[in-house]
Amino acid sequence: MMSQKQSFVQGTFILTVSAFVIRMLGFVNSIVLARFLGAEGIGLLMMAHPLIPIVVTLTGLGLPVAISKLVAEAEAEGDSAKVKRILRVSLAVTGTIGIVLTLLFLLGSKIIASHYLTDQRAYYAMLAMIPIVPLVAVSSVIKGYFRGKQNMKPLAFSEVAEQIVRLPLVMALVQFLLPYGVEYAAAGVMAGTVIGEATGLLYLLLMFRAYRKKAASTASMTVAASASPQLPSDRRTLLELLHIGLPTTGQGLFYSIYRALQPILVTKSLAVAGVGTALATKQYGLLLGCAFPLLAFPGFIMHSLSDALIPAISEAGIRQNKRLILQRMDQAMKLALIVGAPITIVLYVWAVPLTTMFYRAPEAGNLLKLLAPVYFLQYFEAPLHAILLGLGKIKTAMWNFIMATLLKAIAIYIFGSHWGIYGVALGMNFGICVITLLNFFSVSGYIGFSVDARYLAKVGICLAATALCGQATFAFLRNSGVQLAWDVAASAGMAFLVYVSALIATKTLRSKDIRRIPVLNKMFS
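Undergrad: Residue-level account of the packing of helix α2 (residues 51-60) against helix α4 (residues 80-107), with values.
TA: Packing of α2 against α4 leaves a shortest axis separation of 8 Å and a crossing angle of 140°. Taken together, the axes of α2 and α4 lie oblique to each other. Seen from α2, the contacting residues are V55, L58, T59 and G60; seen from α4, they are T94, I97, G98, L101 and F105. Of the residues contributing to the contact of α2 with α4, the split by class is five nonpolar, four polar and no charged.

Okay, structure coming up:
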């Protein structure tokens, strides 16, 4: 099982299923934490938690993407020695960074806490987080390696194992430490997260070892370090890794800074529009706490698609097989359309019922309605970004992102100053349009782009049938006095069945497409 390389569609499916399981477990975990820790404990946790993305970005140095791309290219060329060098150099770089960052955090923990944490009780949660640094350093390399091999099963199983261990452990630690103080319980949550990460890494190491043994037995390659490493080759490999990794890191850090400044930007624009502080805070909560989680929840599908697409495009690129590149791009775009379109319809048509059911905030439904149609473009932006990375256009992807983010920040401030929170939402929509168009024109300039008008028309017909049937079912059940939750679930489920049936009836989704999905292929067989 370990040595099997999955196809692009199979790899996407495996990562999507595991990501869905992880999202569900994470949702359960958030409910448990909210009940045990309360608002105060969650607040302490959130003060320390934003450090994790920054630490992960700095530790990984963008190398997971670089490793995935370079390993896929080396595999396509049959250069096993290069794969060995990539692993050796990557582990040396991330290991060194991990050790340095761990020491800096330990030695400077008091200084960081005094300047960064507004509540000093979050200090213990920050300390408990520090051991995650060396774990991420190693796991990021191995994950990049398996992505490059286009073997997604170890990644999927390791992430699920991480969550399965994390959930009961966090519950146990919180219950044990809560009597000593909420700050220690918050630290227990971080400790559980670290142990979960260690579990995922242990699984990856076991799978990596199994892969080594199988590869050695078939005389393909061994991933052991060379007894006499070639320094010039190592230096060349390091430069190749950094050529891809540094722009990716720069993009990640820029995004982290933007995320930190976004609340200030939004509240300042609302203040100019004449919105009071208390109301501005509430409206910001409706936008980022109610509307955006519903928009972002299905994002794991496109994240999985992007993870599988980067090595697939890299492999085709190194073989100079433009036809295969275009074929995989076409698959990705069609998958984005088929998946993103019905989700957008559901979020638009059921916007108010969804925000009422989940958050008891029907006013957030209007924001969701404003965002959902444009957010649909995100389903195409993610694979377009991955295609640029797979083609080696790392700097193009980075500058597109930076340009779009800066323009989005300006639009949020200008529109928000004139139209309040709805102007902020329009500014975010503007940013989505800009980044999608920039990536689209970049990909078109490098390899071209074609649009199947008949395919679009068929999906459009399927969506129209879906929306009409869903709305009719929802209205009927509402008039029948059915509870809102059952009404939404039943009408959305009916809409989904109509959508799939329409796809099959119009031959937009064919049997050969279904057979590419591992589970359904076995059922057909």
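Undergrad: Describe the side chain of K143, with residues and values.
TA: Among the structural elements, K143 can be located in helix α7 (residues 132-148). Classification of K143 by relative accessible area gives buried; the value is 14%. Once residues within four sequence positions are removed from consideration, K143 is found in contact with L155, S158, E159 and L204.

Undergrad: Can you explain the nonpolar core? Please cite residues and give values.
TA: Ranked by internal contacts, the top residues of the largest apolar core, which has 138 residues, are F146 and L287. For this core, the element with the most residues is helix α13 (residues 322-349), which contributes 13 residues.

Undergrad: I'd like a description of the packing of helix α3 (residues 63-77) against α4, backed by residues and values.
TA: For the pair α3 and α4, interaxial distance at closest approach is 9 Å and the crossing angle is 170°. One element, α3, and the other, α4, form an angle in the roughly antiparallel class. On the side of α3, the interface is formed by L63, I67, L70, V71, A74 and E75, while α4 contributes K82, V83, I86, S90, V93 and T94. Its residues assigned to classes, the contact of α3 with α4 shows eight nonpolar, two polar and two charged.

Undergrad: Summarise a nonpolar patch on the surface; cite the residues concerned and give the values.
TA: On the surface, V272, M403, L407, I410, Y413, I414 and F430 cluster together into a nonpolar patch covering about 610 Å² of accessible area. A total of six residues in the nonpolar patch trace back to one element, the largest contributor, which is helix α17 (residues 394-447).

Undergrad: Kindly report on the state of the cysteines, identifying the contributing residues and their values.
TA: Counted under the stated rule, the structure contains zero disulfides. Free cysteine: C469, not disulfide-bonded; nearest cysteine sulfur from C462 at 13 Å. Of the residues examined, C469 reaches a relative accessible area of 22% and is grouped as partly exposed.

Undergrad: Please provide a residue-by-residue account of the confidence of the model for the chain, values included.
TA: Residues at a pLDDT of 70 or more form 90% of the chain, whose mean pLDDT is 83. Considering each helix and strand of the chain separately, the mean pLDDT is smallest for helix α21 (residues 518-524), with a value of 47, and largest for α17, with 93.

Undergrad: Tell me what's going on with the packing of aromatic side chains, and back it up with residues and numbers.
TA: Scanning the entire structure with this criterion turns up 13 aromatic pairs. Relative to F300, the ring of F20 lies with its centre 6.0 Å away and its plane at 45°, an arrangement referred to as tilted. With F20 in helix α1 (residues 8-48) and F300 in helix α12 (residues 299-318), this residue pair connects regions lying 280 residues apart in the sequence. Residue classification places F20 among the partly exposed positions, given a relative accessible area of 39%. Among the residues examined, F300 registers a relative accessible area of 8% and is labelled buried.

Undergrad: Tell me about the pattern of salt bridges, residues and numbers included.
TA: Within this structure, the stated rule accounts for nine salt bridges. Put simply, D307 and R147 hold a salt bridge, and the shortest N to O gap is 3.7 Å. Linking D307 in helix α12 with R147 in helix α7, this pair joins segments that are 160 residues apart in sequence. You can call R147 buried: its relative accessible area is 13%. Measuring nitrogen to oxygen at the nearest pair gives 3.5 Å for the salt bridge that ties E315 to R328. Here the residue E315 occupies a position in helix α12, and R328 occupies one in helix α13, the gap between them amounting to 13 residues. In terms of burial, E315 and R328 fall into one category: buried. One connected set of salt bridges, linked through shared partners, spans E315, R319 and R328.

Undergrad: Account for helix α8 (residues 153-177), with residues named and values stated.
TA: In this model, α8 (25 residues) spans 36 Å end to end at C-alpha, consistent with the 36 Å of a helix rising 1.5 Å per residue. Those residues of α8 that sit buried are P154, L155, A156, S158, V160, E162, Q163, R166, L167, V170 and V174.

Undergrad: Describe in detail unusual backbone geometry, supporting the description with residues and values.
TA: Residues other than glycine seldom take positive phi values, yet Q320 does so here, at roughly 55°. Looking at the secondary structure, you find Q320 in the loop between α12 and α13. Taking the relative accessible area as the measure of exposure, Q320 reaches 73% and is therefore exposed. Backbone geometry at K507 places phi at a positive 60°, although glycine is not the residue there. Tracing the backbone through its elements, the reader meets K507 in the loop between α19 (484-505) and α20 (511-515). Of the residues examined, K507 reaches a relative accessible area of 61% and is grouped as exposed.

Undergrad: Mind laying out the environment of T277, listing which residues take part and the relevant values?
TA: With respect to the element layout, T277 can be found in helix α11 (residues 277-296). Residue classification places T277 among the exposed positions, given a relative accessible area of 68%. T277 sits 10 residues away from T267 along the chain, and the two C-alpha atoms are 7.7 Å apart.

Undergrad: So what's going on with the environment of T96? Residues and values would help.
TA: Here T96 is to be found in helix α4. Along the sequence, T96 and F474 sit 378 residues apart, while their C-alpha atoms lie 57 Å from each other.

Undergrad: A description of the environment of L169 should follow, citing residues and the corresponding values.
TA: Secondary-structure assignment places L169 in helix α8. Among the residues examined, L169 registers a relative accessible area of 24% and is labelled partly exposed. When the C-alpha atoms of L169 and L279 are compared, they prove to be 39 Å apart, with 110 residues separating the residues in sequence. For L169, the residues in contact, after removing those within four places along its chain, are G192 and I195.

Procedures and definitions
- Residues numbered from 1 in each chain as written.
- Predicted model: local features only at pLDDT ≥ 70, side-chain atom pairs only at ≥ 80, totals over all residues.
- Heavy atoms only, no water.
- Axes fitted to C-alpha atoms, helices over the stretch in contact; angles between N-to-C directions.
- Helix = DSSP H or I, 4+ residues; strand = E, 2+ residues; numbered from the N terminus.
- Parallel < 35°, antiparallel > 145°, perpendicular 65-115°, else oblique.
- Contact = heavy atoms within 4.5 Å.
- Nonpolar A, V, L, I, M, F, W, Y, C, P; charged D, E, K, R; others polar.
- Buried < 20%, exposed > 50% of the residue type's maximum accessible area, 1.4 Å probe, protein only.
- Core = buried A, V, L, I, M, F, W, Y, C linked by side-chain atoms within 4.5 Å.
- Patch = residues over 30% accessible without salt bridge, like charges linked within 9 Å, V, L, I, M, F, W, Y side chains within 5 Å.
- Areas by Shrake-Rupley, 256 points an atom, 1.4 Å probe, with all protein chains shown as cover.
- Salt bridge = Lys/Arg side-chain N within 4 Å of Asp/Glu carboxyl O.
- Disulfide = S-S within 2.5 Å.
- pLDDT = per-residue confidence, 0-100.
- Phe/Tyr/Trp six-rings, centres within 6.5 Å; stacked < 30°, edge-to-face > 60°.
- Expected span 1.5 Å × (residues − 1).

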